[in-house]
Amino acid sequence: MTVGEIAILGVGMHPWGKFADKSFVDLGVDAATKAMEDADINWNDIQFVSGANTVRNGYPGWVSASTFANALGFQGSQLASSYAACASGATALSIARAQILSGVCDVALVVGADQVPKGMFAPVPGERPDDVDWLRFHLIGLSNPAYFGLFARRRMALYGDTQDDFAAVKVKNSQHGSKNPNARFTKTFTAEDVKASPVVADPLRLLEICTTSDGGAALVVSSLDFARKKGIKNPIRVSGISTIGPTYPNAIIDMPYFASDSWAKSGYEGHTFKNEIAQHAYTEAGITPADLDFAEVYDLSSAYELDWYEHIGLCEPGQARKLLHDGDTSIGGRIPVNPSGGLGAFGEAIPAQAIAQVCELTWQLRGEAGERQVNGANVGMSINYGMFGHGSSVIARR
Amino acid sequence: MSKQRLPAVEGLFTMDSENPSLIGGRKRTNGSFYFPKELSGNDPASSLDQDREDILLSQSGKVWSYTSAGYPPALPYVITSEPFEPFVIAAVHLEKEDLVVCGQMMPGVDLEDMEIGMEVKLALDTLYEDEHNQYIVWKWELAGQG
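Position labels on residues start from 1 in each chain and follow its written sequence. Chain letters and ligand numbers both follow the written order, the letters beginning at A and the numbers at 1. For this predicted model, a pLDDT threshold of at least 70 governs which residues receive local features, and a threshold of 80 or more governs which side-chain atom pairs are given and counted, while totals over whole chains, interfaces and linings are taken from all residues.

1. Some points on the overall build of chain B
Okay, so step 1: Looking only at helices and strands, chain B has zero helices and nine strands in total.
Okay, so step 2: Secondary structure follows DSSP: runs of H or I at least 4 residues long count as helices, runs of E at least 2 residues long count as strands, and numbering of each begins at the N terminus. In chain B, the succession of helices and strands from N to C terminus is β-β-β-β-β-β-β-β-β.
Okay, so step 3: Structurally, chain B occupies a C-alpha span of about 50 × 35 × 30 Å along its principal axes.
Okay, so step 4: Three exposure classes are used. Buried residues have 20 or more other C-beta atoms within 10 Å of their own C-beta, exposed residues have 12 or fewer, and partly exposed residues fall in between, all C-beta atoms being placed from the backbone. Each of the 146 residues in chain B was classed as buried or not, and the buried ones make up 37%.
Okay, so step 5: For chain B, contacts bridging at least 24 residues in sequence account for 54% of all contacts bridging at least 6. What counts as a contact is two residues whose backbone-derived C-beta atoms lie within 7 Å of each other.

2. Some points on the overall build of chain A
Okay, so step 1: A tally of regular secondary structure across chain A gives 14 helices and eleven strands.
Okay, so step 2: For 398 residues, the compact-globule estimate of 2.2 N^0.38 gives 21 Å, and chain A sits close to it at 20 Å.
Okay, so step 3: Principal axes of the C-alpha set define a box for chain A whose edges measure 55 × 50 × 45 Å.
Okay, so step 4: Residues classed as buried in chain A amount to 60% of the 398 residues present.
Okay, so step 5: Contacts in chain A between residues far apart in sequence, at least 24 positions, make up 76% of those at least 6 positions apart. Only C-alpha atoms enter the radius of gyration, while the globule expectation follows 2.2 Å times N to the 0.38, with N the number of residues.

3. Focus on unusual backbone geometry
Okay, so step 1: Looking along the chain, the bond that leaves A:Asp202 and enters A:Pro203 is cis, with omega of 5°.
Okay, so step 2: Looking at where A:Pro203 falls in the secondary structure, it is placed in the loop between β5 (199-201) and β6 (204-205).
Okay, so step 3: Put simply, B:Phe35 and B:Pro36 share a cis peptide bond, and its omega is -10°.
Okay, so step 4: For A:Asn338, which is not glycine, the phi torsion reads 55° and is therefore positive.
Okay, so step 5: Assessed through the 30 C-beta atoms surrounding it within 10 Å, A:Asn338 is described here as buried.

4. Overview of the environment of B:Phe35
Residues and elements named next belong to chain B.
Okay, so step 1: One can find Phe35 in the loop between β3 (33-34) and β4 (52-56).
Okay, so step 2: Since 26 C-beta atoms lie within 10 Å of it, Phe35 is described here as buried.
Okay, so step 3: Along the backbone, Phe35 and Glu10 are 25 residues apart, and their C-alpha atoms lie at a distance of 14 Å.

5. Points about the domain arrangement of chain A
All names here are of chain A.
Okay, so step 1: Domain boundaries in chain A define domain 1 (6-119 + 214-238) and domain 2 (132-208 + 239-397).
Okay, so step 2: Using C-alpha coordinates to define each centre, domain 1 is positioned 24 Å away from domain 2.
Okay, so step 3: Opposite the 33 residues of domain 1 that make contact, domain 2 presents 36 residues.
Okay, so step 4: Those elements giving two or more residues to the side of domain 1 that touches domain 2 turn out to be β1 (6-17), α4 (88-101), β4 (107-114), β7 (214-222) and β8 (236-242).
Okay, so step 5: Amino acids are sorted into nonpolar (Ala, Val, Leu, Ile, Met, Phe, Trp, Tyr, Cys and Pro), charged (Asp, Glu, Lys and Arg) and polar (every other residue, Gly among them). Taken together, the residues of the side of domain 1 that touches domain 2 sort by class into 19 nonpolar, ten polar and four charged. Where each domain starts and ends follows an automatic or database-derived domain assignment.

6. Observations concerning the interface of chain A and chain B
Okay, so step 1: Taken together, the contact pairs 36 residues of chain A with 37 residues of chain B.
Okay, so step 2: Mapped onto the side of chain A that touches chain B, the elements with two or more residues apiece are α5 (132-140), α6 (144-159) and β5 of chain A.
Okay, so step 3: By residue number, the principal contributor to the side of chain A that touches chain B is α5(A), which donates seven residues.
Okay, so step 4: By residue class, the composition of the side of chain A that touches chain B is 24 nonpolar, six polar and six charged.

7. A look at the nonpolar core
Residue and element names in this part refer to chain A.
Okay, so step 1: Nonpolar cores are identified as sets of buried Ala, Val, Leu, Ile, Met, Phe, Trp, Tyr and Cys residues joined via C-beta atoms within 7 Å. Counting residues in hydrophobic clusters, the biggest one holds 167 residues, and the most contacted among them are Val110, Leu219, Val221 and Ile355.
Okay, so step 2: Here the element with the most residues in this core is helix α14 (residues 350-366); it accounts for ten residues.
Okay, so step 3: When residues of this core are assigned to domains, at least three fall in each of domain 1 (6-119 + 214-238) and domain 2 (132-208 + 239-397).
Okay, so step 4: Not counting chain neighbours up to four residues away, the residues in contact with Ile355 comprise Ala52, Gly89, Val110, Gly112, Ala217, Ala218 and Leu219.

8. A closer look at the packing of α4(A) against α14(A)
All names here are of chain A.
Okay, so step 1: Angles run from 0 to 180 degrees between N-to-C directions of axes, and those axes are lines fitted to C-alpha atoms, restricted for helices to the stretch in contact. For the pair α4 and α14, interaxial distance at closest approach is 6 Å and the crossing angle is 65°. Residues Ser88, Gly89, Ala90 and Leu93 of α4 lie in contact with α14, whose contacting residues are Ile350, Pro351, Ala352, Gln353, Ala354, Ile355 and Val358.
Okay, so step 2: Of the residues contributing to the contact of α4 with α14, the split by class is eight nonpolar, three polar and no charged.

9. Re the sheet that holds strand β2 (residues 23-27) of chain B
Okay, so step 1: By this definition, two strands are paired if DSSP reports at least two bridges between them. The sheet built from three strands is open, its strands ordered β3-β2-β4 (chain B) with antiparallel pairing. Each edge of the sheet is formed by a strand with only one pairing partner; in this case those strands are β3 and β4 of chain B.

10. Regarding the sheet that holds strand β2 (residues 48-52) of chain A
All names here are of chain A.
Okay, so step 1: Strand order in the open sheet made by the nine strands is β3-β2-β4-β7-β1-β8-β11-β10-β9, with mixed pairing throughout. The open sheet has two edge strands with one neighbour each: β3 (78-82) and β9 (294-297). The mean inter-strand angle of the sheet, taken between neighbouring strand axes irrespective of direction, is 25°.
Okay, so step 2: Running over the sheet, helix α10 (residues 274-285) touches β8, β10 (379-386) and β11 (390-397) and is turned about 135° from β8.

11. Here we look at the environment of A:Glu348
Residue and element names in this part refer to chain A.
Okay, so step 1: Mapped onto the secondary structure, Glu348 falls in the loop between α13 (342-346) and α14.
Okay, so step 2: Owing to 23 C-beta atoms within 10 Å, Glu348 belongs among the buried residues under this scheme.
Okay, so step 3: With near-sequence residues (within four places) excluded, Glu348 lies in contact with Cys210, Thr212, Ser213, Leu343 and Gln353.

12. Some words on α14(A)
Okay, so step 1: Counted at 1.5 Å a residue, the expected span for α14(A) with its 17 residues is 24 Å, and the 25 Å between its end C-alpha atoms agrees.
Okay, so step 2: Following α14(A) by one or two positions, A:Gly367 adopts a phi angle in the positive range, close to 75°. Here the expected length of a helix is defined as 1.5 Å per residue gap, with one fewer gap than residues.

13. Some words on the packing of helix α1 (residues 24-39) of chain A against helix α3 (residues 64-72) of chain A
Residue and element names in this part refer to chain A.
Okay, so step 1: Across the interface, α1 lies against α3 with an axial gap of 10 Å and an inter-helix angle of 70°. Regarding the angle of α1 to α3, the classification is roughly perpendicular. In this structure, the crossing between α1 and α3 has a hand that is right-handed. Contacts between α1 and α3 involve Val25, Gly28, Val29 and Ala32 on the former and, on the latter, Thr67, Phe68, Ala71 and Leu72. Roughly parallel here means an angle under 35 degrees, roughly antiparallel means over 145, roughly perpendicular means 65 to 115, and every remaining angle is called oblique. Two helices crossing with the near one rotated counterclockwise from the far one by less than a right angle form a left-handed crossing, whereas a clockwise rotation gives a right-handed crossing.

Written out as structure tokens, the structure is:
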């Protein structure tokens, strides 16, 4: 079932980095202001604000739409604040789309921002033995990078991937990111640089694991009618959004669980949620992987990017490293992946990240990506997932 | 006086140090397996049915994948040594139940000892201790040891 499209009128980002002297509100307002300028829309004309929440900045972060609207100046627009871990941005966009397509509003602002302490993500404080996210840290010391290590080692056993393959992903993405003014890390790394960095979660090294960043990203989206009335004949369109949850049983273990579901009855040990997320977006947009010109995928680790090639159908399982080494996924290749530089160049600002991915889709589709421009960018996909089971994917086209 | 041995969390494993087991769940109606019994998601085919019975899961399995913790995990993990000693983590496939359970490998196991598909078995170890108690958790050990 294909669904109605909406227009992306404007995008904006506060650059990623560590900004101890700024709040998440500052970062979100900066991104929102840029997106509204880009769209040539006044704040007073925004009818709906869809906020992607941060859970690391107290109450204002849990009611982000209200917080951002208040900072911009309350003007009576409708508000929704949502949290879906790393999928929060796609969830916020999906709510804006629903409001627009149902005629509740014509034009909406989608915004997310985060400002976080340095270091690895930790669970919410307190003693909560009925929370698997608390238990996995307390009982096993199973941090996020440990999952990335488990997946990477599994690739090595199943497909013969090597640490050199994983390092090559980092090298590629650092080349892409070096051309992105919004990226936090713009140094171009070599395979030797990667090898010289310490092992964090075997077989992965420090340079291969996504760090935590501060950042803000925003979109102004509208009905196609509204865009036409503004004189925009062919706006960039959102053609599909996936915010699905998994189907039971998830046989591949995933954050924050420390056990998989049992596949004793289904008999399929390869079943993973991550194969289903993109499929829903393809169905909504009425396209197949062959129609994609580029993709922004959630490279929480270098090896994880290779998993995504397979999850979104760019190649068969086990073929990802061939795609990589053939240069297909580099800018200039057949299907560039992470032309923005990806999380390797940005680090992760949880509620802003899925929105930032859509900013990159938009710049690429407009032909405004400068030195990192993908030639012939007509259709792009972004994908990630929020832990506990929130899908996140957006297909945009020109 | 020796310290009292307490499970770090109640209800996830038995405290028999010679022959420990993970405590899982099984649906009486359709035989689905779960671990942890109460905290893993439901089979939608029986979603209104809450009758999970306790079962002891297989005590050995095969390594599905493994990794290491090269840096100290965040709280609520309790760091017990200074400087921090890296440890190995294994995800282990229990063949009868067809589910994968993570745990640390016992101290002394190195990455070089690990191989995907190798057999490991369940063990108990001290996670941390205070003045009065030792807090115990499950770990995996190389089969043929202990």
